[in-house]
Amino acid sequence: MSTAWIWDEKYMWHDTGTGAGPLPAGGWIEPMEHIEGPSAKRRFANLVAASGLLAQLVPVPARRATETDIERVHTRAHRERIAADAATGRGDAGDDSSPFGRESYDIALLAAGGVIAGVDAVFDGVADNAYALVRPPGHHASPETGWGFCIFNNVAVAARYAREVRGAERVAIVDWDVHHGNGTQDAFWNDPSVLTLSIHQDGAYPPGSGALGELGASGAEGTNLNVPLPPGSGHGAYDAVFTEVVEPALRRFAPSLILVASGLDGNGMDPLARQMLHSESFRMMAGRIKALAEELCDGRLVMAHEGGYSPFVVPFCGLAIVEALSGVRTPVVDPFLPAIEGYGQELWPHQAEAVARAAAQVEAVPVAGSGPGAGSGSGPGSGSTLRGS
Ligand SMILES: [Zn+2]
């Protein structure tokens, strides 16, 4: 088992300037480093190196996504607007909360291209699976605009590349970032060849986005699943989501490639969410996705890094994921695990009800070989396929 590792120092040079939490600084808000700064990601990469794990991975260089790569998902107008604003030295991806600097257009191309490099590594047999520790993140970026610290939708660009260049018949994207993968949902809303499945904190971000019953457009019904979980959900709830939603949904869809939008902000000490996961939760999820990939698509699995805003917890969650992917266990013991494990990790009844509601959507997922939309007629979301925000 070998794991490709995609990382580029330039990812850390994406300049988001100053801010304060999710807000711009100003008025009575004293400036500090923007919350989507390099710290958490750099410390993740540093722990992979310091633990000795890096030496057992397959380093794969990122490349810049081409204009064609980006425009498989995004409008030309969006791409050109980002390029033009970056050339002025300062811009915003689209929501006045996603600032960027002069190099950020090139770095955003390098982030999308980093995930593409992971896809190539897996299809070319350079490695069995891949983790692309890219920045900026991508899953909030819709075809027309950036949003939520995201400029281009890295995982969506990689999915379209896999489909159109590498010949992948069906791609499944599992998004375990704690926020809804709204941009990815938008990108594939009409596309029955890509299953998008987002597990997120109910109502967290973007506001009003990611409800149950958003199953995809006519002709793509059942290829978008949202799993909104109550705040306070931890290991037990996510374990149940994998058993009741992720595994049965992917078995129905039978992807030729699995991509993961790997946000680590569901951790129990994240400042931008209220979930309870710890490093062993991410190890569990990564192990189960890897097993699914081995069962369904010859192990082809590529993870694209998304959010995660605790600079101290993110490195240990990330290390656990890469250990699971590579099958290598380092001597590192997560010093934050005992505290977070004590938060109450069992599956509470109100969480079990939320998981059951999401599980009821699984029968809408088309069964591979039965044609687009197969099985959607009896799904609980039939007739309620309106998109969210
Ligand atoms: Zn997030």
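Notes on the structure follow.

What counts and how
- Residues numbered from 1 in each chain as written.
- Predicted model: local features only at pLDDT ≥ 70, side-chain atom pairs only at ≥ 80, totals over all residues.
- Heavy atoms only, no water.
- Salt bridge = Lys/Arg side-chain N within 4 Å of Asp/Glu carboxyl O.
- Helix = DSSP H or I, 4+ residues; strand = E, 2+ residues; numbered from the N terminus.
- Buried < 20%, exposed > 50% of the residue type's maximum accessible area, 1.4 Å probe, protein only.
- Expected span 1.5 Å × (residues − 1).
- Arc of directions from axis to C-beta.
- Contact = heavy atoms within 4.5 Å.
- Pairing = 2+ DSSP bridges.
- Right-handed = clockwise from strand over helix to strand, strands pointing away.
- Axes fitted to C-alpha atoms, helices over the stretch in contact; angles between N-to-C directions.
- Phe/Tyr/Trp six-rings, centres within 6.5 Å; stacked < 30°, edge-to-face > 60°.

Right, let's talk about the pattern of salt bridges for a bit. For the structure shown, the criterion picks out 24 salt bridges. Measuring nitrogen to oxygen at the nearest pair gives 2.9 Å for the salt bridge that ties Glu71 to Arg76. Between Glu247 and Arg288 there is a salt bridge, with the nearest N and O atoms lying 2.9 Å from each other. Here Glu247 is found in helix H7 (residues 235-253), whereas its partner Arg288 is found in helix H8 (residues 279-296), with 41 residues between them in sequence. Judged by its relative accessible area of 13%, Glu247 is buried. On the basis of relative accessible area, Arg288 is assigned to the buried category, the value being 18%.

Side chains three or four residues apart in an α-helix point the same way, a direct result of the helix having 3.6 residues per turn. In a regular helix each residue adds 1.5 Å, so 12 residues correspond to 16 Å; helix H1 (residues 39-50) covers 16 Å between its end C-alpha atoms and thus fits that length. Taken residue by residue, H1 has Ala40, Lys41, Phe44, Ala45, Leu47 and Val48 as its buried positions. The arc enclosing the buried residues of H1, seen along the axis, measures out at 160°, which places them on a common side. Buried residues belonging to H1 abut strand S1 (3-6), strand S7 (129-132), strand S12 (301-305) and helix H9 (314-326). Looking at the residues trailing H1, positive phi occurs at Gly52, about 90°.

Note: C-alpha distance between Glu247 and Ile289 (42 residues apart in sequence) is 8.2 Å. Excluding its chain neighbours within four sequence positions, the residues that come into contact with Glu247 are Phe242, Arg288 and Leu292.

So, about the pairing of strand S9 (residues 194-201). One face of the sheet, then the other: side chains in a regular strand alternate in exactly this way. Of all the 8 residues making up S9, 8 are buried; the element is thus mostly covered by neighbouring parts of the structure. Burial of the side chains of S9 extends over both faces: Val194, Thr196, Ser198 and His200 are buried on one face and Leu195, Leu197, Ile199 and Gln201 on the other. Bridge analysis of strand S8 (residues 171-175) against S9 gives 5 bridges, and the strand direction is parallel. From the neighbouring strand, Val174 faces S9, where its bridge partner is Leu197. Considered for its hand, the β-α-β crossover made up of S8, helix H6 (residues 182-187) and S9 is right-handed. Pairing of S9 with strand S10 (residues 224-229) involves 6 bridges; the strand directions are parallel. Along S10, the bridge assignment pairs His200 with Pro228.

Within a beta sheet, neighbouring strands are joined by backbone hydrogen bonds and run either parallel or antiparallel to one another. Strand order in the open sheet formed by 8 strands is S4-S1-S7-S12-S11-S8-S9-S10, and the pairing between neighbours is parallel. Of all the strands in the sheet, the pair left with one neighbour each is strand S4 (58-59) and S10. Here H9 sits on the sheet and contacts S1, S7, strand S11 (257-262) and S12; the angle it forms with S7, its principal contact strand, is near 160°.

By the definition in use, this model includes 8 aromatic pairs. Each ring, one from Trp5 and one from Phe44, has its centre 5.7 Å from the other, and the planes form 70°; the classification is edge-to-face. Of this pair, Trp5 sits in strand S1 while Phe44 sits in helix H1; the two residues are 39 residues apart in sequence, bridging distant segments of the chain. Neither residue differs from the other here; Trp5 and Phe44 are each classed as buried. With a centroid separation of 6.4 Å and an interplanar angle of 65°, the aromatic rings of Trp176 and Phe282 are classed as edge-to-face. Remark: Phe282 occurs in helix H8 and Trp176 occurs in the loop between S8 and H6; sequence separation between them is 106 residues. Residue Trp176 shares its accessibility class with Phe282, and that shared class is buried. An aromatic cluster is built from Trp5, Phe44 and Tyr131, whose rings are joined through pairwise contacts.

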